[in-house]
Structure formats: C-alpha cells, structure tokens
Amino acid sequence: MRLYLTPHTCALAVDVVAREIGVELDLAWVDVRAKQLADGSDLHRINPKGQVPALATDDGQTLTEAAVIIQYLCDRHGTDALLPRTLDMDRYRVLEWMNFLGSELHKSFTPLFRANTPPEYRRISTENVQRRLAWLDEVLATREYLHGGRFTAADAHAYAIVTWAELQAIPLSAWPHLHAYVQRIDARPSVQAARAAERVEIARRAAA
C-alpha cells in the first residue's frame, strides 16, 4: 500500500499506526501547497480534495481522512490493543477521541498555518488551541494515555496534532502532564522511525 503524505500533518499518525502494527507502507511525499506529487503530477488525481493523507490500498482503492485510514489499517491488519475490534465501549471510546482530535483540535490549529489569517483571528485561534491543550492536560493528569493505561490509535493521532504547537511557538511545557505524554509517545520506536522519515524528506526539500 502507498501512503501519500507531507511533513507536519496528521499523516504522521497513519505512518505511526502502520509501523505499530507492522504494515509496511510505500511513502509517497507530496508538496501539498503546490498540490503536486514528486513526479510533478497533480495531487488531485489521487485525492480530489487535494489533501493528505491518502492511502492507495492493496485492492486498488483510495482512502482519505486520517481517522478513517487509521481505522481501516487497524481493522484489517491491527490488534485489539490499538483499536478494539469488538463492538464494545472500548472501541467507541477510542473512536470518540479520534473524532474530537480530527474535528476540534485539528481545526483549531488550521488558521495558524495560513499566512493570510488576520492577526486578531490568529490571536483567537491561539487561545482556542491553548484552551483545548489545557483540557487535555487535565485529562492526562489522571492517566498515561487518552484511553487509560495503554497506547491506542487515538494517541498516535493526538501526538501528530499536539506537536503542531511547537511549530506555532506554543510551548507544551506550559502543560506538564501533556508535555510528559508527548515525550512518552515520542520515545516509541514507531514514532522515532516515522519522525526520521519526515526529517529525511524535510532535508531533501531544503537541499532542492
């Protein structure tokens, strides 16, 4: 399977989950701003929405949206540890977290990545991000991971988005429980490998 991705996006969560469950993906790095693949072809040919991640599955189909791709990988190739496959509340709690992350937290960050966001709106967006990070810090004061004592797919998703704070000069050290949580996840071999792949791509772009 081929994963279309770009650095510093929630596609990182998909890569981490794939590595956690031992699924090898062909990483196809995309210039999202130019909407181009490495060979210069149009990203819209892969994903009409012009976004990443997109997953070309082994049966010739294409899936988009990080939360859906993660669920697909876990259901097809994963274990109950990352996303319970039985239809009980454990499964829905993990999916509940992923929906919050993909809607509320992700969208709170979005205006901060746009160069044309007006300064006042940028201030409001920063406050919205900080409020949600503070709430996550409260949650993590009583648990190691979002769904209790074990790492799940929701934590891979959270890590990819929460670390955007660093790109926006929002220091996670302001929230010690959240900061420690990110450090725990950062130490996982799957995350280290996915981050290393990102760094190689970032370096390639800088040298181009």
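In this report, the structure presented in the accompanying data block is examined. Going along each chain's sequence as written, the residues are numbered from 1 onward. Reporting of local features is limited, given that this is a predicted model, to residues whose pLDDT is at least 70; pairs of side-chain atoms are given and counted only at 80 or more, and all residues count toward the totals for whole chains, interfaces and linings. Based on all heavy atoms of the structure, the side-chain values leave hydrogens and waters out of the count.

1. Description of the sheet that holds strand β3 (residues 36–37)
Read across the sheet, 5 strands follow the order β3-β2-β1-β4-β5 without closing on themselves; strand pairing throughout is mixed. The outermost strands of the open sheet, each flanked by one partner alone, are β3 and β5 (62–64). Only when DSSP finds a minimum of two bridges between them are two strands counted as paired. Helical segments are the DSSP runs of H or I of at least four residues, strand segments are the runs of E of at least two, and each set is numbered from the N terminus. The pairing of strand β2 (residues 26–31) with β3 spans 2 bridges and is classified as antiparallel. When the sheet's bridge partners are listed, Val-30 is paired in β3 with Leu-37.

2. So, a nonpolar patch on the surface
The residues that make up patches have over 30% relative accessible area and no salt bridge, and they are joined within 9 Å when like-charged or within 5 Å when they are Val, Leu, Ile, Met, Phe, Trp or Tyr. Each accessible area is a Shrake-Rupley estimate made with a 1.4 Å probe; only the visible protein chains count as cover when residues are assessed. The working definition used for a salt bridge is a side-chain nitrogen of Lys or Arg within 4 Å of a carboxyl oxygen of Asp or Glu. Taken together, the side chains of Leu-87, Met-89 and Tyr-92 present a nonpolar region at the surface, about 360 Å² in accessible area. With respect to the helices and strands, Leu-87 occurs in the loop between α2 (66–77) and α3 (89–109). Relative accessibility thresholds used throughout: buried, under 20% of the residue-type maximum; exposed, over 50%; partly exposed, between the two (1.4 Å probe, protein chains only). Residue Leu-87 is classed as exposed on the basis of its relative accessible area of 69%.

3. Quick notes on unusual backbone geometry
Between Val-52 and Pro-53 the backbone carries a cis peptide bond, its omega angle lying at 5 degrees. Looking at the element boundaries, Pro-53 is found in the loop between β3 and β4 (54–56). The phi angle at His-8 is positive, at roughly 60 degrees, despite the residue not being glycine. As for its placement among the helices and strands, His-8 is situated in the loop between β1 (2–5) and α1 (11–21).

4. Examining the pattern of salt bridges
Counted by the stated rule, this structure contains 13 salt bridges. For Glu-198, the salt bridge is made with Arg-195, and the minimal N-O distance between the two is 3.0 Å. Of this pair, Glu-198 and Arg-195 both sit in helix α8 (residues 189–207), 3 residues apart, roughly one helical turn. Each member of the pair, Glu-198 as well as Arg-195, carries the same accessibility label: buried.

5. Here's the deal with the packing of aromatic side chains
For this analysis, a ring pair means two rings from Phe, Tyr or Trp (six-membered ring only for Trp) whose centres lie within 6.5 Å, classed as stacked if their planes differ by under 30 degrees, edge-to-face if by over 60, and tilted for the remaining angles. Tallied over the entire structure, the rule returns 7 aromatic pairs. The interplanar angle of 65 degrees and the centroid separation of 5.4 Å between the aromatic rings of Phe-100 and Trp-135 together place this pair among those described as edge-to-face. A residue pair is termed long-range when its members are at least 10 positions apart, and Phe-100 in helix α3 and Trp-135 in helix α4 (residues 119–139) qualify at 35 residues. Relative accessible area serves as the criterion here: at 19%, Phe-100 is assigned to the buried category.

6. Considering the pairing of β1
Across 4 bridges, the pairing between β1 and β2 is parallel. Across the sheet, residue Leu-3 finds its bridge partner in β2, namely Leu-27. Whether a crossover is right-handed depends on one test, that the path from the first strand over the helix to the second runs clockwise when the strands point away from the viewer. One crossover worth recording links β1 to the parallel β2 by way of α1, and it is right-handed.

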